[in-house]
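Listed here are the chains, written in short residue letters.
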Amino acid sequence: MRFLGNLEAKTDSKGRVFLPAVFRRVLQTVGEERLVLRKDVFQPCLVLYPESVWNEQMDLLRSRLSRWNRQQQHLFRQFVSDVELLTLDGSGRFLIPRRYQRMASIEQEVRFVGMGDTIEIWSTEQADRQQMEAEEFSVALEAAMQGEV
């Protein structure tokens, strides 16, 4: 499953937004019906996980954290508890709850960014701020590909 692209959309007054058709087709192709919405750990955006991808991430995290370590159990709890389970309506829309809109500074215009097996949802303004300059991007990519990161 690969989500690729950078697409803009608008939320309605209730916070509903259409998942871009190109992303809906990917979900339909693999038979995914439910999505998990979570605030990104590092960036001021939201992340949509197909349910199977979310389950893989939970299993990976659980395998690396001990239930018998207080801090690790707290970390796991915080990661998995602050999510919303979503299903697209018949038109391909879903609701971004108000608290998530606030977390990501989403007002009306949003940008969906395909990130391989997940989809990020950004306020258009925040997305523009997060982009690297072309030179900075090329230097960082070169270093990453040479194993210098």
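Preceding this paragraph is the structure being described.
A quick note: this is a predicted structure, and the numbers were derived from the prediction, not measured.

**Overview of the packing of aromatic side chains**
- Counted by the stated rule, this structure contains 4 aromatic pairs.
- When the centroid spacing of 5.0 Å and the interplanar angle of 70° are considered together, the rings of Tyr49 and Trp54 count as edge-to-face.
- Classification of Trp54 as buried rests on a relative accessible area of 4%.
- Its guanidinium or amino end placed over the ring of Phe76, Arg62 lies 4.1 Å from that ring's centre, counting from NZ or CZ.

**Focus: the environment of Ala21**
- Examined against the element boundaries, Ala21 turns out to sit in helix H1 (residues 21-30).
- Given a relative accessible area of 32%, Ala21 falls into the partly exposed group.

**Considering a nonpolar patch on the surface**
- Taken together, the side chains of Met132, Phe137, Leu141 and Met145 make up a nonpolar region of the molecular surface, amounting to roughly 440 Å² of accessible area.
- Its location among the elements puts Phe137 in helix H6 (residues 134-145).
- Looking at Phe137, the relative accessible area reads 47%, which means it is partly exposed.

What counts, and where the lines are drawn
Residues numbered from 1 in each chain as written. Predicted model: local features only at pLDDT ≥ 70, side-chain atom pairs only at ≥ 80, totals over all residues. Heavy atoms only, no water. Phe/Tyr/Trp six-rings, centres within 6.5 Å; stacked < 30°, edge-to-face > 60°. Buried < 20%, exposed > 50% of the residue type's maximum accessible area, 1.4 Å probe, protein only. Lys NZ or Arg CZ within 6 Å of the ring centre and 35° of its normal. Helix = DSSP H or I, 4+ residues; strand = E, 2+ residues; numbered from the N terminus. Patch = residues over 30% accessible without salt bridge, like charges linked within 9 Å, V, L, I, M, F, W, Y side chains within 5 Å. Areas by Shrake-Rupley, 256 points an atom, 1.4 Å probe, with all protein chains shown as cover. Salt bridge = Lys/Arg side-chain N within 4 Å of Asp/Glu carboxyl O.

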